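Examination of the molecular architecture
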Amino acid sequence: MNHPPMLTLAIPVKGDAHLAPLRRTLDGILRVLDGEDIEVLVQVGSAAPQVQALVKDHPLRPLCYEEQDNGIYDAMNRITQRALGQRILFIGAGDIPLAGLTRALDRWEPADDNLELGGVRIPDAEPKVPRHYAPRWDRGLRWRNVCHHQGIAYPTALLRAKGGFSLEFPVLADYALNLVLWQSGVKAKWNEGENWVSAAPGGVSRQFNPALYAEERQLKAQVMRAGLAKWCQPLWIRLKSLWKAQGQ
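A few points on the structure.

About the thresholds
- Residues numbered from 1 in each chain as written.
- Predicted model: local features only at pLDDT ≥ 70, side-chain atom pairs only at ≥ 80, totals over all residues.
- Heavy atoms only, no water.
- Helix = DSSP H or I, 4+ residues; strand = E, 2+ residues; numbered from the N terminus.
- Buried < 20%, exposed > 50% of the residue type's maximum accessible area, 1.4 Å probe, protein only.
- Contact = heavy atoms within 4.5 Å.
- Areas by Shrake-Rupley, 256 points an atom, 1.4 Å probe, with all protein chains shown as cover.
- Lys, Arg positive; Asp, Glu negative; His and termini not counted.
- Charge placed at Lys NZ, Arg CZ, Asp CG, Glu CD.
- Pairing = 2+ DSSP bridges.
- Axes fitted to C-alpha atoms, helices over the stretch in contact; angles between N-to-C directions.

The subject of this paragraph is the overall build of the protein chain. Helix and strand content of the protein chain: eight helices and eleven strands. In terms of its C-alpha atoms, the protein chain occupies a principal-axis envelope of roughly 50 × 35 × 30 Å. Split into buried and exposed, the 248 residues of the protein chain put 50% on the buried side. Look at the contacts in the protein chain between residues 6 or more apart in sequence, and 78% of them connect residues 24 or more apart. Looking at the protein chain as shown, the accessible area adds up to about 11800 Å², and 54% of this sits on carbon and sulfur atoms. With 30 positive and 26 negative side-chain charges, the protein chain shows a separation of 9 Å between the mean positions of the two kinds.

Strand order in this open sheet of seven strands is S3-S2-S1-S4-S9-S6-S10, and the pairing throughout is mixed. Single-partner strands in this sheet number two, and they are strand S3 (63–66) and strand S10 (188–189). The sheet contact formed by strand S4 (residues 87–90) and strand S9 (residues 152–155) spans two bridges and is antiparallel. In the sheet register, Ile-88 faces S9, and the bridge partner there is Tyr-154. Along the sheet face, helix H1 (residues 19–33) touches strand S1 (7–13) and strand S2 (38–44) and points at about 165 degrees away from the line of S1.

As a further point, take the sheet that holds strand S11 (residues 195–198). Sheet architecture is open: four strands sit in the order S5-S11-S7-S8, paired in mixed fashion. Both edges of this open sheet fall to strand S5 (96–97) and strand S8 (132–133), since each of them pairs with a single strand only. Here three bridges tie strand S7 (residues 119–121) to S11, and the two strands are oriented parallel to one another. What sits directly across from Arg-121, in S11, is Ser-198. Each of S5 and S11 is contacted by helix H4 (residues 99–107), which is oriented at about 140 degrees to S11, the strand it contacts most.

Next comes the structure, spelled out in structure tokens:
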């Protein structure tokens, strides 16, 4: 490749337990994005001979790196350092790209410091989890992570300049980064109605337990600017946790 690809699709996986979902994702990328200006990187966090065999024989020919990492965000940071794409989009094993991502790639100009956003569908979402995340980049971030990470194409240079994802937040580091970027004035662009990914259920940030809410309180105490919204967070998070717990 003589120039940096427009996009790196980054797929962190734990190991051979994710073989079948990874196959679905690679097949989906080949079906939807074949011929697009992309690279595909797979980061495997443990010895995974079956994943290695899949990647080696798959017609998509993704690049695969197998090395011990310290969790999902460490893996994402490692991929960020290796990525050649002007932008980087993190998807999970089992996620399937949609036609809207092709339209986005055809629309994009060379990367600037703006985020590009797309919609994310979660057809089999857990109870009280939205089945569709429309692109948003606004004050709603102070209350919840309105931007699903499968719908954010970060400029790779910007992500590196910000130091990637903080390992201090093992479940919500993407939310912490989004708050930092929004508060610092980073802008986002999107086309209404454009959906990029059909996401598989089961993400760790959708396991609504006391540890998750404790981490949210910690990150907002550290990251949010002083003001009424920050002062309200402990009560807001408490009410949100009670609402999520109803019916579970």
